[in-house]
Amino acid sequence: MDLLFFNLALAAYLISTLGYIASLLVGRVQIAKASTWILFSGFALHAAFYLAQLIMTHTLSIRNFYETLSFFALILCGIYLILQLKTKTRVLGAFISPVAFLLMVGASVGVEGPVSMPDTLKGSLVTLHVALSIAGEALFALASCAGAMYLIQNRLIKEKSIGSFSRLLPSLKELDNINHISLLWGFPLLTLGVIAGSIWARTVWGSHWQWDPKQIWTLAAWLLYAILLHQRLALGWKGRRVALFSLLAFLALLAGFILEKAFFATAHKFM
């Protein structure tokens, strides 16, 4: 039953993605509205997948690469849908929905496979560490999507290319606000996730820091976003500058994740 929910959620994310793309091509907000409801349906089915898993196994498993992709998609969609209620930026879903769909496609490769978990990575604190970290990173992904849309909208306005596509995009003020909220909540969530992981590392390895590639990458990402948030709150960065920095910061975060997975041995690798 849980896999049925997963597959239905995957289908809903695909339909939502196609709907958002169609709304941009034909310039119809109504299609974007329908796509938002389909995305919400996918999110609900995705959440049901985890609920069914929790009922059957009494645990929320988000500890391997494929499960991480799936949970990231769930959190990303959930955060977007909440912000959409507040800001009415439906077209931002044209960025979020394809990302969620691609994450689910990647997750589907290993969703049915058995997972071998080392004893050191078992425990509720590990789940808390992963969940908080993914929530923070999902908010950073949303900030980068808002940043990308800000840069597109800003360029269209400067070039006075105000066509049907431009009118579909949220205002610069709304996009900057989404960026601000995402950074403001994403950073403390990632920080709490790092703290939880540090406590667990101390418990099982005797030290908070092991010079593990995953730890180094996470610390680098944390410092990068700490600088960005400081510049935004203390120095008043906003608009194009913070939009560009958010996009570049997330691309660096993503590049580090790919390189760490592909080329480095790490205690966090348990696929």
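These numbers were taken from a predicted model, which means no experiment stands behind them.

Undergrad: Would you explain the overall build of the protein chain in this entry?
TA: For the protein chain, the count of helices and strands is 9 helices and 0 strands. The 271 residues of the protein chain split such that 47% are buried. Across the protein chain, the fraction of contacts at a sequence separation of at least 24, relative to all contacts at a separation of at least 6, is 78%. Surface summary for the protein chain: the accessible area is close to 13,400 Å², and the carbon and sulfur share equals 70%.

Undergrad: Can you help me understand helix H3 (residues 65–87) in this one?
TA: Because an α-helix completes one turn every 3.6 residues, residues spaced three or four positions apart along the sequence face the same direction. For H3, spanning 23 residues, the distance from its first C-alpha to its last is 32 Å, which sits close to the expected 33 Å at 1.5 Å a residue. Of all the 23 residues making up H3, 17 are buried; the element is thus mostly covered by neighbouring parts of the structure.

Undergrad: Is there a simple way to explain the nonpolar core in this structure?
TA: Residues Tyr80, Leu92, Leu142, Leu183 and Tyr225 are the most contacted members of the largest nonpolar core, which totals 65 residues. Those elements that provide at least two residues to this core are helix H1 (2–26), helix H2 (29–57), H3, helix H4 (93–108), helix H5 (124–158), helix H7 (172–205), helix H8 (213–234) and helix H9 (240–263). If one sorts the elements of this core by residue count, H5 sits on top with 16 residues. Shared between two domains, this core holds at least three residues of each, these being domain 1 (1–117) and domain 2 (118–271). Apart from residues lying up to four places away in sequence, Tyr225 is in contact with Phe140, Leu183, Phe187, Ser246, Ala249, Phe250 and Leu253.

Undergrad: Quick question: what am I supposed to make of the pattern of salt bridges here?
TA: Any two side chains of opposite charge can pair if their charged atoms end up close together. Taken as a whole and assessed by the stated rule, the structure comprises 1 salt bridge. Of the charged contacts, one joins Arg232 and Asp176 as a salt bridge, the two residues approaching to 2.7 Å between their closest N and O atoms. Taken together, the positions of Arg232 in helix H8 and Asp176 in helix H7 put the pair 56 residues apart, joining distant regions of the chain. You'll find Arg232 and Asp176 in the same group, each marked buried.

Undergrad: I tried to follow the packing of H2 against H3 on my own but got confused; where do I start?
TA: Two quantities define a packed helix pair, namely the angle between the axes and the distance from one axis to the other. Where H2 contacts H3, the axes come no closer than 10 Å and their chain directions differ by 135°. By the angle between their directions, the pair H2 and H3 is classed as oblique. Taken as a pair, H2 and H3 cross one another with a handedness that is left-handed. Contacts between H2 and H3 pair Thr36, Leu39, Phe40, Phe43, His46, Ala47, Phe49 and Tyr50 from the former with Glu67, Ser70, Phe71, Ala73, Leu74, Cys77, Gly78, Tyr80, Leu81 and Gln84 from the latter. Within the contact of H2 with H3, the residues separate by chemical class into 12 nonpolar, 5 polar and 1 charged.

Undergrad: Sorry if this is basic, but what is going on with the environment of Ala94 here?
TA: For Ala94, the location among the structural elements is in helix H4. For Ala94, the residues in contact, after removing those within four places along its chain, are Tyr20 and Leu24.

Undergrad: Help me understand the side chain of Asn154 in this model?
TA: Relative to the helices and strands, Asn154 resides in helix H5. Note on Asn154: relative accessible area 12%, which makes it buried. Filtering out sequence-adjacent residues up to four positions away, Asn154 remains in contact with Leu172 and Arg240.

Undergrad: What exactly am I supposed to notice about the packing of aromatic side chains here?
TA: For any pair of aromatic rings, the description consists of the separation of the ring centres together with the inter-plane angle of the planes. In this structure the tally under the stated criterion is 7 aromatic pairs. Ring geometry for Phe140 versus Tyr225: centroids 3.6 Å apart, planes at 5°, classification stacked. Taken as a pair, Phe140 in helix H5 and Tyr225 in helix H8 lie far apart in primary sequence, 85 residues in all. By the burial criterion, Phe140 is buried, and Tyr225 matches it.

Undergrad: What am I meant to see in a nonpolar patch on the surface here?
TA: On the surface, a nonpolar cluster with roughly 480 Å² of combined accessible area is contributed by Leu14, Leu18, Ile21, Leu25 and Val26. Mapped onto the elements, Leu25 comes out in helix H1. Overall, the relative accessible area of 69% leaves Leu25 in the exposed class.

Undergrad: I would appreciate a short explanation of the packing of H3 against H4 in the present structure.
TA: Between H3 and H4, the least distance of the axes is 8 Å, while the angle of their chain directions is 160°. When the axis of H3 is compared with that of H4, the two are roughly antiparallel. Crossing geometry of H3 relative to H4 is assigned as left-handed. Here H3 contributes Tyr66, Leu69, Ser70, Phe72, Ala73, Leu76, Cys77 and Tyr80 to the contact with H4, which in turn contributes Gly93, Ile96, Val99, Ala100, Leu103, Met104, Gly106 and Ala107.

Calculation rules
- Residue numbers here run from 1 along each chain, matching the order of that chain's written sequence.
- Given that the model is predicted, a residue must reach a pLDDT of at least 70 before its local features are reported, and side-chain atom pairs must reach 80 or more before they are shown or counted; all residues, however, enter totals for whole chains, interfaces and linings.
- Hydrogens and water are ignored here; the side-chain numbers use all heavy atoms of the structure.
- Every helix listed is a DSSP run of H or I at least four residues long, and every strand listed is a run of E at least two residues long, numbered separately from the N terminus.
- Buried, partly exposed and exposed residues are distinguished by accessible area as a fraction of the type maximum, computed with a 1.4 Å probe on protein chains only: under 20%, between the cut-offs, and over 50%, respectively.
- By definition, residues are in contact when any of their heavy atoms lie within 4.5 Å.
- All accessible areas in this document rest on Shrake-Rupley with a 1.4 Å probe, and a residue is counted as covered only by the protein chains that are shown.
- A helix is expected to span 1.5 Å multiplied by its residue count minus one.
- Here, nonpolar core refers to any group of buried Ala, Val, Leu, Ile, Met, Phe, Trp, Tyr and Cys residues whose side-chain atoms link them within 4.5 Å.
- Domains are outlined according to an automatic or database domain assignment.
- We define a salt bridge as a contact between a side-chain nitrogen of Lys or Arg and a carboxyl oxygen of Asp or Glu at a distance within 4 Å.
- Geometry is summarised by axes, namely lines fitted to C-alpha atoms with helices restricted to the contacting stretch, and by angles between N-to-C directions that run from 0 to 180 degrees.
- Our angle categories are set so that under 35 degrees counts as roughly parallel, over 145 as roughly antiparallel, 65 to 115 as roughly perpendicular, and the remainder as oblique.
- In this scheme the handedness of a crossing depends on how the near helix is turned from the far one: anticlockwise by less than a right angle means left-handed, clockwise means right-handed.
- Gly counts as polar in this scheme, as do all residues outside two lists: the nonpolar Ala, Val, Leu, Ile, Met, Phe, Trp, Tyr, Cys and Pro, and the charged Asp, Glu, Lys and Arg.
- Aromatic rings from Phe, Tyr and Trp, taking only the six-membered ring of Trp, are treated as a pair when their centres fall within 6.5 Å; an angle between ring planes under 30 degrees marks them as stacked, one over 60 as edge-to-face, and anything in between as tilted.
- For patches, a residue must show more than 30% relative accessible area and have no salt bridge; joins then use 9 Å for like charges and 5 Å for nonpolar side chains, namely Val, Leu, Ile, Met, Phe, Trp and Tyr.

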